[in-house]
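So the chains spell out like this:
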Amino acid sequence: MLAVCVVVAGLFLPTKYYVETPGGAYQVSKYFKIDQPQSHSGGFYFTAVSIRPAMVFDYLTNSWRSFSELVPKKEIDGDNTTEEHNKVEQFYMADSINNAVYFAAKTAHVPVKKNF
C-alpha cells in the first residue's frame, strides 16, 4: 500500500516547476497552400514546444532526460495563477496568428492594416 501511495504521489503531486519539452518539426506546406511556383529548394518548418506543470516524478527523473528542462514556475508565471498564465498564453498565440496573417498579406501585396 505504501508503494502505491508513493507512485500516486509521484505522478500527481505538483512541484514548483514546469517541464519544457521539444515537439516535432512540421512542414508549413502541409497546412498552407501557395499558388505561386516555388523559386527555391528546401522546406519551411515550424516547431512545437510543450510546457506543462512538473510532477514529483518529473522532478526526480529530469536529469535522465536530455530532451526536457525544468523551469521554475516563478520564471514563467511570475506571481500569476495558472489560469492567468493560460490567458496570457492565449493572448500571445492570438497575437502571433494575427502577425502571421498581417505579414503574409503584406508579402502577397494585399492591402492590410493593423488595428490595436
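Every chain's residues receive numbers from 1 upward, in the order its sequence appears when written. This being a predicted model, a pLDDT of at least 70 is required before a residue's local features are given, and a value of 80 or more before pairs of side-chain atoms are given or counted; all residues contribute to the totals for chains, interfaces and linings. Remark: hydrogens and water are excluded; side-chain values derive from all non-hydrogen atoms of the structure.

## Re the overall build of the protein chain
How we decide: Put simply, DSSP H or I for four residues or longer makes a helix, DSSP E for two residues or longer makes a strand, and each gets a number counted from the N terminus. Our radius of gyration is a C-alpha quantity, and the globule rule it is checked against amounts to 2.2 Å times the number of residues to the power 0.38. Relative accessible area decides the class of each residue, using a 1.4 Å probe on protein chains only: under 20% of the type maximum gives buried, over 50% gives exposed, and in between gives partly exposed. Should any heavy atoms of two residues lie within 4.5 Å, those residues are considered in contact.
If you tally the helices and strands in the protein chain, you get 4 helices and 3 strands. Helices and strands appear in the protein chain in the N-to-C order α-β-β-α-β-α-α. In summary, the protein chain has a C-alpha radius of gyration of 20 Å against a globular reference of 13 Å for 116 residues, an excess of more than 25%. With the C-alpha coordinates aligned to their principal axes, the bounding extent of the protein chain is approximately 65 × 35 × 20 Å. Burial statistics for the protein chain: of 116 residues in total, 16% are counted as buried. Put simply, 67% of the contacts in the protein chain that link residues at least 6 apart link residues at least 24 apart.

## So, the layout of surface pockets
This is how the line gets drawn: We place a 1 Å grid over just the protein atoms. Points where a 1.4 Å probe fits but has no way out form a cavity, open points with protein on both sides within 12 Å along at least 5 of 7 lines form a pocket, and any residue with an atom within 4 Å of a point lines it. Grid points are joined across faces, edges and corners, and a volume is the space filled by probe spheres set on the points.
By volume, the largest pocket is sized at about 1,100 Å³. Lining the largest pocket are 26 residues, and of these V28, F32, I34, F44 and A104 lie nearest its centre. Elements supplying a minimum of two residues to the lining of the largest pocket: β2 (45-55) and α4 (82-107). As for the second largest pocket, its lining consists of D95, N98, N99, V101, Y102, V112, K113, K114, N115 and F116.

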